[in-house]
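Fold and geometry: a report
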Protein chains: 2
Amino acid sequence: MKLDLAPTEDAEGRLAALAVLAQQTRDLADAVALTDVAEDELTAITADLATLTERLSAARRQTPQPFEVAPDGTLRHLGNAVVGTCNPHALPLTVELDTDGGVRSELTFRPLHEGPPGSVHGGVSAMILDHLLGQGAAAAGSAGMTGTLTLRYLRPAPYNHPLVGTARMSRTEGRKTWVDGRIALQDGTPLVEATGLFITPSKWVDAVRGAG
Amino acid sequence: MKLDLAPTEDAEGRLAALAVLAQQTRDLADAVALTDVAEDELTAITADLATLTERLSAARRQTPQPFEVAPDGTLRHLGNAVVGTCNPHALPLTVELDTDGGVRSELTFRPLHEGPPGSVHGGVSAMILDHLLGQGAAAAGSAGMTGTLTLRYLRPAPYNHPLVGTARMSRTEGRKTWVDGRIALQDGTPLVEATGLFITPSKWVDAVRGAG
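Throughout what follows, the structure given in this document is the object of discussion. Just so we're clear, the structure is a prediction, and the values are computed from it rather than from any experiment.

Another point: the interface of chain A and chain B. Facing 80 residues of chain A, the contacting portion of chain B comprises 80 residues. A buried area of about 7000 Å², summed over both sides, lies between chain A and chain B, and 64% of it is on carbon and sulfur atoms. It is A:Arg14, A:Leu34 and A:Leu56 in chain A that bury the most area against chain B; as a group they hold 9% of the surface buried on that side. Counting across the interface, chain A meets chain B through six salt bridges. Residues B:Glu41 and A:Arg55 are paired through a salt bridge, measuring 2.9 Å at the closest nitrogen-oxygen approach. Run the count over chain A and chain B and you get 35 residue pairs in polar contact (both at pLDDT 80 or more). Those elements that provide at least two residues to the side of chain A that touches chain B are helix H1 (2–34), helix H2 (39–56), helix H3 (122–139) and strand E5 (145–153) of chain A.

Okay, structure coming up:
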């Protein structure tokens with residue numbers, strides 16, 4: 001039995017190490033965005049990074065870590081651009097079920113996410129809200145693809161500052177689900193509001209019917 | 001005269017080296033997202049990255065490279081999260097004036113930008129379109145902050161595939177400017193469409209009046 005389980009344990013251990021590497025890569029990217037060291041040091045570090053990039057590319061996948069069922073039975077997408085813990089591009093956003101049937105996320109943007117001086121890029125807020133609203137649809141049992149998304153920018157979003165993202169289904173009609181959400185200060189002051197229409201692909205509906 | 005110019009030349013040389021480092025950091029992040037090397041190698045590389053991160057942090061700014069006037073007189077924001085060549089998070093998006101008075105961008109997403117399996121995350125497309133439409137407003141002489149942004153997702157956007165982004169002002173009224181844009185295949189097939197309302201802050205208008 002131990003032999004049968006070993007490969008899975010190994011795979012999970014490797015994915016944990018990959019998540020640590022992805023976080024270190026985020027820390028590196030933050031340091032690049034803020035570094036004030038001299039030119040010769042920048043050039044020396046670039047050469048070292050090129051070597052590490054080559055080592056990582058010695059064995060290379062065609063696509064990021066897949067959308068899959070984790071050993072604990074939950075769905076995960078470790079390679080996702082917004083939530084994937086194994087993807088350095090991801091914040092990563094962590095989303096939890098809220099008590100009201102919606103979803104909630106505690107998030108902190110970084111200087112790397114700057115748009116207007118001192119504030120988070122509106123596009124970065126949009127990126128986060130697209131994902132969060134999609135999770136809001138999924139939490140209501142209506143997982144789908146984004147059909148339309150409307151964002152209303154009320155106040156600049158600060159970085160290096162704890163914020164709260166929320167999203168909740170407002171209405172559903174066949175394969176269409178409407179979700180409202182926002183990013184706010186911890187005291188509830190809204191910064192960016194969003195409304196999204198999510199559409200469940202008909203093949204997913206058929207799959208669920210087939211499974212039922 | 002040479003002495004007076006020297007510091008600026010040095011500063012520009014350093015920024016060029018920083019842009020090369022930022023690109024190498026993007027290549028590294030891509031390699032992390034796709035690597036298939038073994039766990040012990042991942043851990044060894046993480047340790048080396050931690051050392052490089054420390055070296056970069058020996059002198060550290062509080063904010064990314066600023067929005068500023070470049071030596072050639074153009075405006076630039078090298079630290080911007082979407083277009084900043086010195087920011088590893090940035091695509092970086094490059095935006096050019098189009099012949100019709102709008103803006104145009106040739107762009108290629110990477111596997112790192114994955115959302116649905118094999119496709120670009122809808123949030124990443126939203127991030128790019130927010131910036132592109134803002135540039136469309138600026139190209140029409142109405143630079144402003146995003147007020148509202150609506151995205152319509154028509155087809156999945158592929159990565160590793162050359163795409164075209166466009167944006168153009170459709171209407172302006174006082175400090176409000178409406179812009180339409182999209183991301184499309186090179187043959188013109190639209191993937192994501194967007195409409196944005198951009199608002200010029202009154203202090204910017206006053207500044208221009210003051211300058212005039």
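Turning to the packing of aromatic side chains, a few remarks are in order. As enumerated under the stated definition, the model contains zero aromatic pairs over all chains in all. The ring of A:Trp178 carries A:Arg171 above its face, with NZ or CZ at 4.0 Å from the centroid.

Below, the discussion takes up the nonpolar core. Residues A:Phe109, A:Leu151, B:Phe109 and B:Leu151 are the most contacted members of the largest nonpolar core, which totals 58 residues. Setting aside residues no more than four positions away along its own chain, B:Leu151 makes contact with A:Gly147, A:Thr148, A:Leu149, A:Leu151, B:Ala126, B:Leu129, B:Val192, B:Glu193 and B:Ala194.

Residues and elements named next belong to chain A. Applying the stated rule across the entire model yields 20 salt bridges over all chains. The salt bridge partner of Arg168 is Asp100, with a shortest N-O separation of 3.3 Å. Of this pair, Arg168 sits in strand E6 (residues 162–173) while Asp100 sits in the loop between strand E3 (96–97) and strand E4 (103–108), and the two are 68 residues apart along the sequence. Judged by relative accessible area, which is 42%, Arg168 ranks as partly exposed. Taking relative accessible area as the criterion, Asp100 reaches 42% and is therefore assigned partly exposed. A salt bridge links Arg171 to Glu173, with the shortest nitrogen-to-oxygen separation between them at 3.0 Å. Overlapping salt bridges bring together Glu12, Glu68 and Arg76 as one network.

Turning to empty space enclosed by the protein, a few remarks are in order. For the structure on display, the rule yields one cavity of 30 Å³ or more. Here the largest cavity is characterised by a volume of approximately 180 Å³. Forming the walls of the largest cavity are 20 residues, and the residues nearest its centre are A:Ala29, A:Pro88, A:His89, B:Pro88 and B:His89. Counting residues per element, the ones that place at least two in the lining of the largest cavity are H1 of chain A together with helix H1 (2–34) of chain B. Looking at the lining of the largest cavity residue by residue, the classes come out as 10 nonpolar, six polar and four charged.

What follows is about the side chain of A:Thr25. Relative to the assigned elements, A:Thr25 resides in helix H1. On the basis of relative accessible area, A:Thr25 is assigned to the buried category, the value being 2%. If we ignore the near neighbours within four places in the chain, the residues touching A:Thr25 are A:Pro88, B:Leu28, B:Ala29, B:Val32 and B:Leu49.

All right, on to the side chain of B:His89 then. By secondary structure assignment, the location of B:His89 is in the loop between strand E2 (75–77) and strand E3 (96–97). Among the polar contacts listed, one links the side chain of B:His89 to the backbone oxygen of B:Ala81, at a separation of 3.1 Å.

Interhelical geometry of H3(A) versus helix H3 (residues 122–139) of chain B gives an angle of 155° and a closest axis separation of 7 Å. Put simply, H3(A) runs roughly antiparallel to H3(B). Remark: the crossing between H3(A) and H3(B) carries right-handed chirality. In this structure, H3(A) uses A:Gly122, A:Gly123, A:Val124, A:Ala126, A:Met127 and A:Asp130 to contact H3(B), whose residues at the interface are B:Gly122, B:Gly123, B:Val124, B:Ala126, B:Met127 and B:Asp130. Its residues assigned to classes, the contact of H3(A) with H3(B) comprises six nonpolar, four polar and two charged.

Residues and elements named next belong to chain B. Relative to the assigned elements, Thr8 resides in helix H1. Given a relative accessible area of 40%, Thr8 falls into the partly exposed group. Sequence separation between Thr8 and Glu41 is 33 residues, and the spatial gap between their C-alpha atoms is 42 Å.

Rules and cut-offs
- Residues numbered from 1 in each chain as written.
- Chains lettered and ligands numbered in written order.
- Predicted model: local features only at pLDDT ≥ 70, side-chain atom pairs only at ≥ 80, totals over all residues.
- Heavy atoms only, no water.
- Contact = heavy atoms within 4.5 Å.
- Buried area = accessible area lost by both parts, 1.4 Å probe.
- Salt bridge = Lys/Arg side-chain N within 4 Å of Asp/Glu carboxyl O.
- Polar contact = N/O pair within 3.5 Å; in protein donor to acceptor, adjacent residues only side chain to side chain.
- Helix = DSSP H or I, 4+ residues; strand = E, 2+ residues; numbered from the N terminus.
- Phe/Tyr/Trp six-rings, centres within 6.5 Å; stacked < 30°, edge-to-face > 60°.
- Lys NZ or Arg CZ within 6 Å of the ring centre and 35° of its normal.
- Core = buried A, V, L, I, M, F, W, Y, C linked by side-chain atoms within 4.5 Å.
- Buried < 20%, exposed > 50% of the residue type's maximum accessible area, 1.4 Å probe, protein only.
- 1 Å grid on protein atoms, 1.4 Å probe; cavity = no way out; pocket = protein on both sides within 12 Å on 5 of 7 lines; lining within 4 Å.
- Points joined across faces, edges and corners; volume = space filled by probe spheres on them.
- Nonpolar A, V, L, I, M, F, W, Y, C, P; charged D, E, K, R; others polar.
- Axes fitted to C-alpha atoms, helices over the stretch in contact; angles between N-to-C directions.
- Parallel < 35°, antiparallel > 145°, perpendicular 65-115°, else oblique.
- Left-handed = near helix turned anticlockwise from the far one by under 90°.

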